[in-house]
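# Fold and contact review
Residues per chain, in single letters:
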Amino acid sequence: MHLLFALAFVSLSSFSAMPAVDGVYMLAPWDKASTVSIPESGRYTLWLAADPEAGGGLLLKDKKYTVGKGEKDAKGRSAFWRNAGTAALEAGVLKVEWSGGIYLLVLSRDAEYTPERGLSDVRVLPFNRKPEDARLTKERHTDTVFIMPHFDSVEAWEKAAAAIRLRIRLGSGLFPAPEKTPLNAHVFDEKEYDGFSVSKVYFEPVPGFLATGNLYRPLGEGPFPAVVSPHGHWTAGRLENTDLGSIAGRCITLARMGIVTLSYDMIGYVDSIQLPHRWGTEAEKLWGIHPFAMQLWTSLRAVDFMEALPYVDPERLGCTGASGGGTQTFALTALEPRIRVSAPVNMISSTMQGGCLCENAPLLRLTNSNMEIGALAAPHPLLMVSTTGDWTRETPRVEYPAVRSIYALYGAEDQVVNVHLDFPHNYNRQSREAMYRFFGAHLLGGDWHAYEEPPFEMPQEEALRVFPGDRLPEGYLAGEALRAQLMNQAQERRAHHLEQALKAPDSFAEEYHEALTALFAAELPGKNALSLERLEMEEREGYVLERWLIGRISEGDRVPLLLYRGTGALPQESILLVHGAGKAAFADLQHGGPGSLIRRLLAEGKMVATLDAFLIGEYNGPERAAKRVEKGKFSDPFLPAVASCRVQDILTAAAFLRSRFDTAGRIDLVGVEEGGLWCLFAGAVDRSLHSVYVDLNRQNYSDDSLWESRFFVPGIRSFGDIPAACVAGGFSRFHFFNGSLPPELAHSGISVEADDPSDETLAAWLVGK
């Protein structure tokens, strides 16, 4: 099989032309100056695709080749393809400079070659058009105005809630669940004050990383309820003590009320000195390692720490914080059922989802906003404090009724309360008093409706600092060394979980399948959920070619797809071919029509479809390579990765084939070159696909740089990538060729077929010969 393609149809970082077949080469003018790689010397005919109303030209080897505007072809039609003459070209890299309305250059050594014939099976749309796919321009970012969906039943909500929780875990490296290692907690330097005491605290959420803070406790024996209290982006962190926000003030008051309170540092604040507040790389995101993940896991382990204290009642636990601490509050409450009451202050908003890296985990808001995450507290008591002076100004009429609609499903409308105040962004005394009254009622019992904050005096800084002088205990790492240690731990967790899953794949299949589907935000569209537009049907000798744009009605995607069907008996079994370079790779660029593999499959009575996945092939216009609009500082919390979109396109194409009345039940899937991985994951999600043939493309899948540069999906490495997909999809359905499996699959019984199989070999596999 010729694995061919042309630069004009694929987004690449370099603009060097790629060889097609029998001396046909192509180049698109995405820059005023481009290069074309000519591997063989010879005389070439230059064909230019040009705007009929503009003409244009190019400069090649110091010679200018031009085509005029308004030219007609032999049939009197406006000419799109123009023969610009011939050139003797030597092997090597040549510079091309463009001018005017040129869309595409085609070079051919065959004097009889014509692009109209050779490129007949390359596109669905004309060369000067590209699909109007809504995903190209869809805006989702932290300042998008979100609308909370309506849920008609507890079952509908809990299905959506489960997916949101799972994506929080997947994006933060918490699937599969990490082992809860010993906290090695230190509580020391306790000092007693008027009605409370304060201790210094540090413990290890993961080995080698320290959570730091202060423990405020009531005087007496207990058992007491307890609250964990993340501070937010105050300048002084947990030491903030101003009119707009006093961390110590709320902790002192809660302790005096009879509630043990832990005030702990966000990463990079006060005594959390091992890492800065903002850090992280794309490679670390593959493993779910980033500030949001570290703070979320720290909060989860803070609950473990509090629960283990002998004077704490583990049945009465709460959480509160403002701003970024509000984000930590509702994220913790979403995952931790032991939190029975929570109060995220000035944060749940439909118009601003969080302005810091530590509030924007990958996958966090692919199908939701902070409103749904906040509603995950239901039916436990939730206080939403809002104010006129920030992004919570609309809470009484927007966010609160939206969240309350979820509580109504449980008959618990009285368990969610909004207190709306008239201040700038804050956790001031008035906001704190709303929280005291709410927590008093739900954690302590009794009448707290008129409670006011007594005067307090914050302890001196030296009484609160855990590591005065910023000196870590001996043996603890910081900076790059700590991040390398966290990466090693993630790799060890992955190896352990995969070892367990591969020993008993049937026991893990459903769990991994659910997680994989959430990781890619994938869906299997119903037959009536598809947007289908056939642009052309061409009856040829022995078969029919149909040109389609397919997609999902709800998303507005428009995927170019070519469908080949025979003229014989119905129904026909179908085969979906996917190439990393797009459907043009399966065409005969020299003679026109389908390539050898498709012709062989048609001869066996198969229906064959091939597509351009997202940003591949026809998505690239004549003027520039395709690029998705991404606004705002953060994209991966809000938009699925490009690789995820490509996997979805395959699932949509399979649904299209399944929807046709002329197809039999069996659909086989073949992925070639980079399309191999897309098909592996699509096949694992859609387990109704019969067999999935995966080109391993001779890549080292233990190399993070490969995943980062060519298949970036946050969390995919910690999830388990290829081995986990095999568990999710069922080993027997996958057939690999052209490379080596990841080492975890060495004893799985899966074999790898021939390298570089011919079209004849691939066809034989697909028809069972």
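This text goes with the structure placed above it.
Described in the following lines is the structure provided in the data block. For clarity, every value in this text was computed on a predicted model and none was experimentally measured.

Another point: the layout of surface pockets. Roughly 1,200 Å³ of internal volume is contained in the largest pocket. Around the largest pocket sit 40 residues that line it, and Arg167, Thr367, Ala521, Ala522 and Glu523 are the ones nearest its centre. Of all the secondary-structure elements, those providing two or more residues to the lining of the largest pocket are helix H2 (154-171), helix H12 (505-519) and helix H14 (642-659). Split by residue class, the lining of the largest pocket holds 21 nonpolar, 8 polar and 11 charged.

A separate point is the side chain of Asp588. Relative to the assigned elements, Asp588 resides in the loop between strand E21 (572-579) and helix H13 (596-603). Not counting chain neighbours up to four residues away, the residues in contact with Asp588 comprise Gly118, Gly593, Pro594, Gly595 and Arg599.

What follows covers H13. For the α-helix, the turn length of 3.6 residues means that residues three or four positions removed from each other point alike. If you check which residues of H13 are buried, you get Leu597, Ile598, Leu601 and Leu602. Along the axis of H13, the buried residues cluster in a sector spanning 130°; they form a single face. Buried residues along H13 sit against strand E19 (543-552), strand E20 (559-566), E21, strand E22 (607-611) and helix H19 (759-767). Two residues or fewer past H13, Gly605 is found with a positive phi of approximately 85°.

For the structure on display, the rule yields 25 aromatic pairs. Between Trp448 and Tyr451 the ring centres are 5.3 Å apart and the planes differ by 65°, which places this aromatic pair in the edge-to-face class. The pair formed by Trp448 and Tyr451 is uniform in burial state, with each residue classed as buried. Ring pairs connect the aromatic residues Phe520, Phe681, Tyr701, Trp707 and Phe711, which therefore count as one cluster.

Moving on to the packing of helix H11 (residues 479-503) against helix H18 (residues 721-729). At a minimum axis separation of 10 Å, H11 and H18 run at an interaxial angle of 25°. Classified by the interaxial angle, the pair formed by H11 and H18 is roughly parallel. Read as a crossing pair, H11 and H18 show a hand that is left-handed. The residues of H18 that touch H11, namely those facing Arg494, Leu498, Ala501 and Leu502, are Asp721, Pro723, Ala724 and Val727. Across the contact of H11 with H18, the residue classes tally to 6 nonpolar, no polar and 2 charged.

Looking at where Gly118 falls in the secondary structure, it is placed in helix H1 (residues 115-118). With residues near it in sequence (within four places) discarded, Gly118 still touches Tyr113, Asp588, Leu589, Gln590, His591 and Gly592.

Glancing now at unusual backbone geometry. The omega angle of the peptide bond from Phe175 to Pro176 is -15°, so this bond is cis rather than trans. Among the secondary structure elements, Pro176 is positioned in the loop between H2 and strand E9 (186-193). For the peptide bond that leads from Gly222 to Pro223, omega is 5°, which places it in the cis range. Examined against the element boundaries, Pro223 turns out to sit in the loop between strand E11 (209-218) and strand E12 (224-230). Despite not being glycine, Asp189 shows a phi value in the positive range, around 55°. Looking at the element boundaries, Asp189 is found in strand E9. In this structure Asp189 comes out as partly exposed when scored by relative accessible area, which is 39%. Even without a glycine there, the phi angle at Leu363 is positive, about 75°. When its relative accessible area of 4% is taken as the criterion, Leu363 is described as buried.

Here we take up empty space enclosed by the protein. Going through the model one piece at a time under the given rule, you end up with 7 cavities of 30 Å³ or more. Reported here for the largest cavity is a volume of approximately 150 Å³. Lining the largest cavity we find 14 residues, and of these Val206, Gly288, Ile289, Met294 and Arg493 sit closest to its centre. Secondary-structure elements contributing two or more residues to the lining of the largest cavity are helix H5 (291-308) and H11. The volume enclosed by the second largest cavity comes to roughly 90 Å³.

Taken as a whole and judged by the stated rule, the model has 0 disulfides. You can see Cys251 has no disulfide; the closest cysteine sulfur is in Cys319, sitting 11 Å from it. Free cysteine Cys356: the closest other cysteine sulfur is in Cys358, separated by 3.7 Å. A residue is classified by how much of its surface remains accessible, and Cys356, at 3% relative accessible area, is buried.

As enumerated under the stated definition, the model contains 55 salt bridges in all. Taking the shortest distance from any N to any O, the salt bridge between Arg316 and Asp313 comes out at 2.8 Å. When its relative accessible area of 23% is taken as the criterion, Arg316 is described as partly exposed. According to the relative accessible area criterion, Asp313 is buried, its value standing at 18%. By sharing partners, the salt bridges in this structure join Lys180, Arg301, Asp304, Glu307, Glu336 and Arg338 into a single network.

Basis of the calculations
- Residues numbered from 1 in each chain as written.
- Predicted model: local features only at pLDDT ≥ 70, side-chain atom pairs only at ≥ 80, totals over all residues.
- Heavy atoms only, no water.
- 1 Å grid on protein atoms, 1.4 Å probe; cavity = no way out; pocket = protein on both sides within 12 Å on 5 of 7 lines; lining within 4 Å.
- Points joined across faces, edges and corners; volume = space filled by probe spheres on them.
- Helix = DSSP H or I, 4+ residues; strand = E, 2+ residues; numbered from the N terminus.
- Nonpolar A, V, L, I, M, F, W, Y, C, P; charged D, E, K, R; others polar.
- Contact = heavy atoms within 4.5 Å.
- Buried < 20%, exposed > 50% of the residue type's maximum accessible area, 1.4 Å probe, protein only.
- Arc of directions from axis to C-beta.
- Phe/Tyr/Trp six-rings, centres within 6.5 Å; stacked < 30°, edge-to-face > 60°.
- Axes fitted to C-alpha atoms, helices over the stretch in contact; angles between N-to-C directions.
- Parallel < 35°, antiparallel > 145°, perpendicular 65-115°, else oblique.
- Left-handed = near helix turned anticlockwise from the far one by under 90°.
- Disulfide = S-S within 2.5 Å.
- Salt bridge = Lys/Arg side-chain N within 4 Å of Asp/Glu carboxyl O.

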